[in-house]
Amino acid sequence: MQRRTLLLSGLHSGLAATGLVGTGLARPGLARAQAATPLRIIVPAPPGGPTDILARALAERAQPALGRPVVVDNRAGAGGIIGTEAAARSAPDGDTIVLGHNQTHASNQAMMARLPYHVSESFAPVAKLATVHHALVVPANSPSASLAALIARGKQGRLTYASSQAGSASHVIAETLVRREKLDATHVPYRGAAPAATDTVAGIVDFYIATFPSVAGLVRDGRLRALEIGAPARLADFPDVPTAAEAGAPYLAVDAWFGLFAPAGTPDAAIQRIARAMLDALGEAEVEARLMAAGFTLDPLLPAPFGAFQRQEIARWAEMVKLTGVTMEG
């Protein structure tokens, strides 16, 4: 809680420098002019997933500050490409933003020769919102009681590992483990996190690197065993799960992150207004509790530092993709 308070205090200080704090975000005339024009948040994922949960939590709370409706537009498909391309092609008028993540706005650039948008040049960063950690899970009856034991098995005989989709973060991170540890392992791609987790529970595959919120209930119920989590410290609710560093593989500490982007060319004043409203909504106690219960760690950044963070992530994912040779095709 103290970390969140300090972060949000810093955000307000940064926004004060723009002249937006204390102005009510939108001047009365501007608010009236835009009242009938909704702000559209494109979510490049189906309803019910983490991206959608985050978007809807913020849309509901940001409307009063913006003085206009905020609607969520789900455009799922092709690893987030369909919705993200739609956002990139939208008019840069402050009426459309997209809730992107590490795949749509970082790793896809390295995995596709003909991506129909550029992960940075096609967009203007608005605000970083949150992260979730990845964890390596195995079936409850797996003979591997630790990551070291799993690695030893993978050097002695063939393993299989699931991913939520070919080219997904779970695929790239797992293949990083395979390449760095020189394991004998076969990738089994699924169409979504739920079927990948289901087959891991059933022992059809040997391990799966997943966003922890998508498997936390299965770990809590004893249907899966988590051998590591890519968090900076052990989670209070799962004190027996070691961090990636403790498990001897700090390179597995790769977060999934989520942030808002506007089409390139969107006026800076519009970006700042949206950033302030969304980050204020993120800081509300009710929203924080809702998102933390869903497994998010709030990690807010203003447009400029978010842009710098994204550039670092593009380089990081490009290095991981080069190491692994992972593509969207498999």
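Refer to the preceding data block for the structure.
Residues numbered from 1 in each chain as written. Predicted model: local features only at pLDDT ≥ 70, side-chain atom pairs only at ≥ 80, totals over all residues. Heavy atoms only, no water.

(A) Broad picture of the nonpolar core. With 43 residues, the main nonpolar core has L136, L147, I173, L177, F207, L252 and W317 as its most contacted residues. By residue number, the principal contributor to this core is helix α7 (residues 169-181), which donates six residues. Counting residues in each nonpolar core, the second largest holds 37 residues, with L129, L260, I271 and L291 among its members. (Core = buried A, V, L, I, M, F, W, Y, C linked by side-chain atoms within 4.5 Å. Buried < 20%, exposed > 50% of the residue type's maximum accessible area, 1.4 Å probe, protein only. Helix = DSSP H or I, 4+ residues; strand = E, 2+ residues; numbered from the N terminus.)

(B) Up close: unusual backbone geometry. Backbone geometry places K182, a non-glycine residue, at a positive phi of 55°. Here K182 shows up in the loop between α7 and β7 (185-189).

(C) Structural context of the pattern of salt bridges. This structure, assessed with the given rule, holds 15 salt bridges. For E246, the salt bridge identified is with R234, shortest N-O distance 2.8 Å. Within this pair, whereas E246 is found in the loop between β9 (224-229) and β10 (256-263), its partner R234 is found in the loop between β9 and β10, the two being separated by 12 residues in sequence. E246 gets classed as partly exposed once you look at its relative accessible area, which sits at 49%. (Salt bridge = Lys/Arg side-chain N within 4 Å of Asp/Glu carboxyl O.)

(D) Structural context of the sheet that holds strand β1 (residues 39-43). Across the sheet, which stays open at both edges, the six strands sit in the order β2-β1-β3-β10-β4-β11 with mixed pairing between neighbours. On the outer flanks of this sheet lie β2 (70-74) and β11 (297-301), each paired with one strand and no other. Going across the sheet, the axis of each strand differs from the next one's by a mean of 25°, ignoring polarity. Here β1 pairs with strand β3 (residues 96-101) via three bridges, running parallel. Bridging from a neighbouring strand, I41 pairs with I97 of β3. (Pairing = 2+ DSSP bridges. Axes fitted to C-alpha atoms, helices over the stretch in contact; angles between N-to-C directions.)

(E) Examining the sheet that holds strand β8 (residues 207-211) more closely. Taken together, the five strands give an open sheet; going across it, the order is β7-β6-β8-β5-β9, and neighbouring strands pair in mixed fashion. Each end of this open sheet is capped by a strand with a single partner; those strands are β7 and β9. Each adjacent strand pair in this sheet contributes to an overall mean axis angle of 30°, direction not counted. Looking at chain direction, strand β6 (residues 159-163) and β7 are connected through five bridges and run parallel. Pairing of S163 across the sheet is with P189, part of β7. Set on the sheet, α7 makes contact with β5 (134-139), β6, β7 and β8; between it and β8 the angle comes to about 135°. (Contact = heavy atoms within 4.5 Å.)

(F) How the structure looks around the pairing of β3. Counting buried positions over the six residues of β3 gives six, a clear majority of the element. Of the two faces of β3, the one carrying T96, V98 and G100 and the one carrying I97, L99 and H101 are both buried. Taken together, the four bridges between β3 and β10 define a ladder with antiparallel strand orientation. The partner of L99 across the bridge, within β10, is L260.

(G) Quick look at helix α6 (residues 147-156). Residues of α6 that are buried include every one of L147, L150, I151 and G154, and no others. Angular distribution of buried residues about the axis of α6 spans 100°; they occupy a single face of the element. Away from the buried face of α6 by more than 90 degrees, exposed residues A148 and Q156 are located. Packing partners of the buried residues in α6 comprise β5, β6, α7, β8 and β9. (Arc of directions from axis to C-beta.)

(H) Seen up close, the side chain of N102. Looking at where N102 falls in the secondary structure, it is placed in the loop between β3 and α5 (103-111). Here N102 falls in the buried class, since its relative accessible area comes to 4%. Contacts of N102, omitting those with residues within four sequence positions, involve S107, A169, D255, A256, W257 and W317.

(I) Broad picture of α7. With 13 residues, α7 should cover 18 Å at 1.5 Å per step; its first-to-last C-alpha distance of 18 Å lies within 8% of that length. The buried fraction of α7 amounts to 11 of the 13 residues, a majority that puts the element mostly inside the structure. Buried within α7 are the following residues: A169, S170, H171, V172, I173, A174, E175, T176, L177, V178 and E181. Where α7 ends, the next residue or the one after it, K182, has phi of about 55°, a positive value. (Expected span 1.5 Å × (residues − 1).)

(J) Just the packing of α7 against helix α12 (residues 303-324), in detail. Contact geometry for α7 and α12: axes closest at 9 Å, N-to-C directions at 55°. Here α7 is positioned oblique relative to α12, judged by the angle of their axes. For the crossing formed where α7 meets α12, the hand is left-handed. Touching A169, V172, I173, E175, T176, R179 and R180 of α7 are W317, M320, L323 and T324, all from α12. Its residues assigned to classes, the contact of α7 with α12 comprises six nonpolar, two polar and three charged. (Parallel < 35°, antiparallel > 145°, perpendicular 65-115°, else oblique. Left-handed = near helix turned anticlockwise from the far one by under 90°. Nonpolar A, V, L, I, M, F, W, Y, C, P; charged D, E, K, R; others polar.)

(K) Representation of the packing of helix α3 (residues 50-66) against helix α11 (residues 285-293). The interhelical angle for the contact between α3 and α11, taken along N-to-C directions, is 170°, at an axis separation of 11 Å. Taken together, the axes of α3 and α11 are roughly antiparallel relative to one another. Only E286, V287, R290 and L291 of α11 make contact with α3, whose side of the interface consists of I53, L54, A57, L58, E60 and R61. Within the contact of α3 with α11, the residues separate by chemical class into six nonpolar, no polar and four charged.

Any functional reading would require information that these geometric values do not contain.
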